[in-house]
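Inside the fold
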Amino acid sequence: MTAPRLEINLDAIAHNARTLVDRLATKGIRVTGVTKASLGSPGVAKAMLDGGVVGLGDSRVENLAVLRADGVAEPLTLIRSPMLSQVDEVVRVADVSLNTEAVVLDALATVAAHRRTTHAVILMVELGDLREGVAVDEVVELARTVDRLAGLRLVGLGTNLACHSGVVPDQQKMDELSRLVEQAETACGHVLPVVSGGNSANLDWALTTNDVGRVDELRLGESILLGTEPLYRRPIDGLQTDAFTLVAEVIEATRKPTQPWGEIAQAAFGHQPPAHSRGSIRQVVVALGRQDVDPDGITAPSGIRKLGMSSDHLVLDVGDSAVSVGDELSFQLDYSALVRAMTSPFATKIERDSRYQRPDVTVEPLSESDEPLVNPTGLRGGAAVR
Ligand SMILES: *Cc1c(COP(=O)(O)O)cnc(C)c1O
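Residues numbered from 1 in each chain as written. Predicted model: local features only at pLDDT ≥ 70, side-chain atom pairs only at ≥ 80, totals over all residues. Heavy atoms only, no water.

Glancing now at the site of the ligand. Around the ligand, 14 residues are found, and the nearest of them are K36, S200, R219, G221 and E222. Contacts to the ligand include G221, whose backbone N or O atom sits 2.8 Å from an oxygen atom. When the free accessible area of the ligand is taken as 390 Å², the share hidden by the protein chains comes to 94%. In this structure, the ligand is accommodated by the second largest pocket. Looking at the shell around the ligand residue by residue, the classes come out as five nonpolar, four polar and five charged. (Near = heavy atom within 4 Å. Polar contact = N/O pair within 3.5 Å; in protein donor to acceptor, adjacent residues only side chain to side chain. Areas by Shrake-Rupley, 256 points an atom, 1.4 Å probe, with all protein chains shown as cover. 1 Å grid on protein atoms, 1.4 Å probe; cavity = no way out; pocket = protein on both sides within 12 Å on 5 of 7 lines; lining within 4 Å. Sits in = over half its atoms within 2 Å of the grid points. Nonpolar A, V, L, I, M, F, W, Y, C, P; charged D, E, K, R; others polar.)

Quick look at the pattern of salt bridges now. Summed over all chains, the structure comprises 19 salt bridges. For D216, the salt bridge identified is with R30, shortest N-O distance 3.5 Å. Here D216, found in the loop between α8 (203-208) and β9 (217-220), pairs with R30, found in strand β2 (residues 30-34); they are 186 residues apart in sequence, far enough to count as distant. We classify R30 as partly exposed; its relative accessible area is 31%. R214 is paired through a salt bridge with E185; the nearest N and O atoms lie 2.7 Å apart. (Salt bridge = Lys/Arg side-chain N within 4 Å of Asp/Glu carboxyl O. Helix = DSSP H or I, 4+ residues; strand = E, 2+ residues; numbered from the N terminus. Buried < 20%, exposed > 50% of the residue type's maximum accessible area, 1.4 Å probe, protein only.)

The next thing to look at is the layout of surface pockets. One number sums up the size of the largest pocket: a volume of about 640 Å³. Along the walls of the largest pocket sit 30 residues, with H271, Q283, L307, G308 and V315 positioned nearest its centre. For the lining of the largest pocket, the elements supplying multiple residues, two or more each, are β12 (244-257), β13 (280-286), β15 (305-309) and β16 (314-317). Residues belonging to the lining of the largest pocket are distributed by class as follows: 14 nonpolar, nine polar and seven charged. The calculated volume of the second largest pocket comes to roughly 510 Å³. Lining the second largest pocket are 24 residues, and of these K36, R131, N160, C163 and N199 lie nearest its centre. (Points joined across faces, edges and corners; volume = space filled by probe spheres on them.)

Bringing the nonpolar core into the picture now. Counting residues in each nonpolar core, the largest one holds 99 residues, and the members touching the most others are I13, L157, F244, L288, F331 and L333. The biggest single contributor to this core is helix α1 (residues 10-25), with eight residues. Lining this core are residues from two domains, each supplying at least three of them: domain 1 (9-226) and domain 2 (244-259 + 276-363). Residues in contact with F244, not counting those within four places in the same chain, are L6, E7, I8, I13, L225, L226, F331, Q332, L333, L338 and M342. Listed in part, the nine residues of the second largest apolar core include V34, L98, M124 and V155. (Core = buried A, V, L, I, M, F, W, Y, C linked by side-chain atoms within 4.5 Å. Domains from an automatic or database assignment. Contact = heavy atoms within 4.5 Å.)

One widely used convention gives an interface's size as the accessible area the parts lose upon coming together. With domains assigned, the protein is organised as domain 1 (9-226) and domain 2 (244-259 + 276-363). Its C-alpha centre places domain 1 at a distance of 35 Å from the equivalent point of domain 2. Tallying the contact residues gives 18 residues for domain 1 and 15 residues for domain 2. Here domain 1 and domain 2 share an interface that buries about 1400 Å² over both sides, 59% of which is from carbon and sulfur atoms. (Buried area = accessible area lost by both parts, 1.4 Å probe.)

Right, let's get into helix α3 (residues 61-69). All buried positions along α3 are accounted for by V61, N63, L64, A65, V66 and L67. Residues of α3 that are buried in the fold lie against α2 (42-50), β3 (55-58), β4 (76-78) and α4 (87-93). After α3 finishes, the residue G71 shows a positive phi value of roughly 100°.

Spelled out as structure tokens, the structure:
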């Protein structure tokens, strides 16, 4: 089998989605499954849908196009504010987009009206994390503006915390969002059926509060894919944390001293040798590099220590483990490592799925004859935005 490869256990993803969907249902909260860390993989998307998510969200319109072309009928949401240069594709591919800019909303409205369709809009509110969001005192006015634009339908408000500054989504922030929803409804004279409270970082709040207020939706990626919550990166009770495994191959296995020799200047990626020699160790080089994965985000098998990683080489101290050239080693990934591995054209993606008893699926790069453009990452899907 080829290496490096990212093995994806779709059963685990379906299980995680189902568990979170069921828990949040007791609070009256639906789940939009966020596929962005899986490059919009249709297999991952289907596993999420099997787990009961009501729709799918992705930050890249290219990924949504792959899902649409694969036949996903559930609502697709663009969860990053549309680029002005992409409004055409956004209206064509996404049912809903999260927005903050009047100029973008204008452009979306023009395209939608021209295509004789309606595009649904969720306005994102800035509640302190300082990434995307409309200022609190401007939200109601912008909501009224959206309502006046033919081609657009204002369906709700949302917010996103904990991504840029680590601001925790707590009761006070969520109450503020609910208050704004009510003000916007009064000003607009209609109900806002979607109140999208946040991402996986909201789970702690959502599952422990006894007042979710108006929040009726969360957009969940990391918790479904990795079984962890992003605030403190703890595993979530009852979820599987091993849906993704990165497998790589050993290309050198030998005994080496722990101390380099010669005059020492900068290393390519700043490997710090130990202050004191530990004699010699069983050192292994793995064909895996920063081009494939974030070295800080991978966990080596137990008893094996990471010494450093450059563009294409991972150096390990394997301790007492018997590891030979040609052997494969498996690594667990955090979110940052997962995103890098998914986007590395060198890492083959293999999806396992026992629910449909289908053989493993290797997600192939696009062949020459496939449509170019839409999926620059090289995953199959064949979708083309025209
Ligand atoms: C990435 C993202 C999400 C999903 O975040 P997770 O922490 O992976 O659950 C939700 N909303 C927005 C706007 C995002 O960018």
